[in-house]
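A look at the structure
As a plain string of letters, each chain reads:
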Amino acid sequence: MKPSDIKDSRPLILIVDDEQKNLQVLGTILMDHKYNVVGANSGKNALKVLKHTIPDLMLLDIMMPDMNGYETCMHIKSDEKLKEIPVIFLTAKVEPEDIIKGFDAGGVDYITKPFNHAELLARISTHIELKQSRDALKKTEHKLQISNTSKDKFFTIIAHDLKSPFNAILNFSELLLTNFDKFNVEKQKELIGFIHQSGLNTYKLLENLLLWSSSQRGIIDFNPKLKNLYTISKETVEFLNHTAVAKTITLKNEISEELYVMADKEMLVTILRNLLSNAIKFTPKGGIITINAYKITNENNHNYTEISVNDNGVGIPKEKQSQLFKTAEGVSTKGTEDEGGTGLGLILCKEFVEKHGGKIKVESEENKGSTFIFSIPDN
């Protein structure tokens with residue numbers, strides 16, 4: 001069987017033996033017991049197979065020309081991508097020093113020739129089950145690491161960033177309450193404006209926190225439907241326009257009114273809202289922010305919509321660009337009017353874009369501006 005023919009989830013075994021008859025006999029036995037099988041007639045050919053196919057287990061003959069089983073096994077165990085493959089040696093050599101040499105090379109077991117069918121199948125089954133258990137444990141450990149990182153980020157935000165806007169609300173409201181009669185109308189309006197903006201910042205942060213928390217727990221429904229992108233972007237621009245106007249920033253929506261995308265509306269709104277909010281935050285007074293979109297066909301003839309949010313703001317240093325979408329390294333930077341943030345919005349954008357099967361990236365130059373670009377595949 002060729003590696004390209006393997007499409008199901010049955011365990012895959014690579015048999016390496018320079019005797020064609022052994023390959024045929026072993027292959028027949030294993031396929032009769034519902035295993036997928038790939039064969040190689042030398043150690044060098046086995047290494048070629050392993051460049052594009054990683055089996056669940058290897059049966060490796062020791063006595064082969066050019067590269068024997070020990071050498072082949074040591075090559076495999078020195079490769080980070082291959083070292084976890086369990087290797088069972090096939091050998092007619094049963095001297096203790098030969099068996100020890102096999103274990104030293106990285107083998108997990110050995111089967112003597114001529115082999116007993118029942119013993120062969122029992123040993124294979126045992127080692128595949130052990131590998132599957134190890135793989136499952138590693139996946140669980142990886143998920144726990146991600147979960148712990150997410151929790152650490154979550155509590156850091158609650159402890160620090162969520163505290164700041166509440167402090168502002170409490171301080172400004174106390175100042176207003178204590179000195180209301182002493183302040184003129186303009187001063188009263190100024191303080192009320194500060195309180196309102198702090199409340200708005202708190203609401204945005206809480207909204208992102210709740211969405212992100214739901215996303216981490218996998219409880220957000222994903223319901224992509226054909227939606228008019230212009231309408232969604234127009235609603236988002238209108239929602240944020242008051243914030244832009246306060247900084248005398250112009251929001252330009254250049255998306256075609258005829259453009260449709262297959263997307264989950266709530267997720268798409270969240271992506272656009274966060275990207276536009278960030279652009280407003282890092283664009284100085286009098287700046288321009290443009291949202292645009294195009295239908296693209298890539299080199300593999302896959303069709304998708306590419307959406308961009310461009311600003312002529314402060315830009316992002318090169319060393320920070322690679323950190324923007326990483327949970328463990330969430331980047332928080334003050335805006336042009338000292339606006340706060342957590343970096344959580346961009347992490348949420350990345351998760352929602354990837355949920356659609358797309359990608360997100362940033363192109364930026366300090367003191368010239370940034371362009372955030374994300375794609376949504378056409379289904």
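Preceding block: the structure.
Since the model is a prediction, treat every value here as computed from it, not as a measurement. (Residues numbered from 1 in each chain as written. Predicted model: local features only at pLDDT ≥ 70, side-chain atom pairs only at ≥ 80, totals over all residues. Heavy atoms only, no water.)

1. Overview of the sheet that holds strand E11 (residues 360–365)
Put simply, the test is: Strand pairing is defined by DSSP finding a minimum of two bridges between the two strands. Helix and strand assignments come from DSSP, with helices taken as H or I runs of at least 4 residues and strands as E runs of at least 2, each series counted from the N terminus. Note on geometry: axes are lines fitted to C-alpha atoms, helical ones only across the stretch in contact, with angles between N-to-C directions running from 0 to 180 degrees.
Strand order across the open sheet formed by five strands is E7-E9-E10-E12-E11, with mixed pairing between neighbours. Only two strands of the sheet have a single partner each, and these edge strands are strand E7 (250–253) and E11. Across the sheet, the mean angle separating the axes of adjacent strands is 15 degrees when strand polarity is ignored. Across six bridges, the pairing between E11 and strand E12 (residues 369–377) is antiparallel. The residue of E12 that forms the bridge with Lys-361 is Ile-373.

2. Quick word on the pairing of E12
Quick note on the threshold: A simple rule labels every residue: compare its accessible area, found with a 1.4 Å probe on the protein chains alone, to the largest value its type can have, and call it buried under 20%, exposed over 50%, or partly exposed in between.
Counted residue by residue, E12 has eight buried out of nine residues, so it is predominantly covered. Sheet topology places strand E10 (residues 303–311) next to E12; eight bridges connect them, and they run antiparallel. Note that in E12 the partner of Asn-310 across the bridge is Thr-371.

3. As for the nonpolar core
For the record, the criterion: For this analysis, a nonpolar core means a set of buried residues of the types Ala, Val, Leu, Ile, Met, Phe, Trp, Tyr and Cys, connected via side-chain atoms within 4.5 Å. Contacts were defined at the residue level, with two residues in contact if any of their heavy atoms lie within 4.5 Å.
Leu-229, Leu-268, Leu-275, Ile-289, Ile-307, Phe-372 and Phe-374 are the most contacted members of the largest nonpolar core, which has 39 residues in total. Those elements that place two or more of their residues in this core are helix H8 (229–246), strand E8 (260–263), helix H9 (265–281), strand E9 (288–297), E10, helix H11 (344–355), E11 and E12. It is H9 that contributes the most residues to this core, nine residues altogether. The contacts of Ile-289, once residues within four sequence positions are left out, are Ile-249, Thr-250, Leu-251, Lys-252, Leu-276, Ala-279, Ile-280, Thr-283, Val-309, Asn-310 and Asp-311. Val-38, Ile-62, Val-87 and Phe-89 belong to the second largest nonpolar core, which has 20 residues in total.

4. Describing the environment of Ile-111
Following the sequence through the fold, Ile-111 ends up in strand E5 (residues 109–112). Among the residues examined, Ile-111 registers a relative accessible area of 0% and is labelled buried. As for Ile-111 and Leu-60, which are separated by 51 residues in sequence, their C-alpha atoms are 9.7 Å apart. Setting aside its immediate chain neighbours within four residues, Ile-111 contacts Ile-88, Phe-89, Leu-90, Thr-91, Leu-120 and Arg-123.

5. Brief notes about helix H1 (residues 20–32)
Going by this rule: What a helix is expected to span follows from its residue count: subtract one and scale by 1.5 Å. Working note: the arc is built from the helix axis to C-beta atom directions.
With 13 residues, H1 should cover 18 Å at 1.5 Å per step; its first-to-last C-alpha distance of 18 Å lies within 8% of that length. Turning to H1, its buried residues are Leu-23, Leu-26, Gly-27, Ile-29 and Leu-30. Projected down its long axis, H1 carries its buried residues within an arc of 165 degrees, all on one side. Opposite the packed face of H1, turned more than 90 degrees from it, sit the exposed residues Lys-21 and Asp-32. Directly beyond the C-terminal end of H1, a positive phi value near 70 degrees is found at Lys-34.

6. Some points on H9
This is how the line gets drawn: Polar contact criterion, stated in full: a pair of N or O atoms within 3.5 Å, where within protein one must be able to donate a hydrogen and the other to accept it, and residues adjacent in sequence count only if both atoms are side-chain atoms.
The terminal C-alpha atoms of H9 lie 24 Å apart, and with 17 residues this matches the ideal 24 Å at 1.5 Å per residue to within 8%. Burial analysis of H9 places 13 of its 17 residues in the buried class, the great majority of the element. Of the residues that open H9, the one with a side-chain oxygen 3.1 Å from the backbone nitrogen of Glu-266 is Asp-264.

7. Considerations on the sheet that holds strand E3 (residues 57–61)
Note on sheets: strands pair through backbone hydrogen bonds, and any given pair is parallel or antiparallel. Reading across from one edge, E2-E1-E3-E4-E5 is the order of the five strands in this open sheet, with parallel pairing throughout. Looking along the sheet, the strands with just one partner apiece sit at the ends: strand E2 (36–40) and E5. Geometrically, the sheet is characterised by an average inter-axis angle of 20 degrees between neighbouring strands, direction not taken into account. When strand E1 (residues 12–16) meets E3, the two strands line up parallel, connected through four bridges. Residue Val-16 lies in a different strand from E3, and its bridge partner there is Leu-60.

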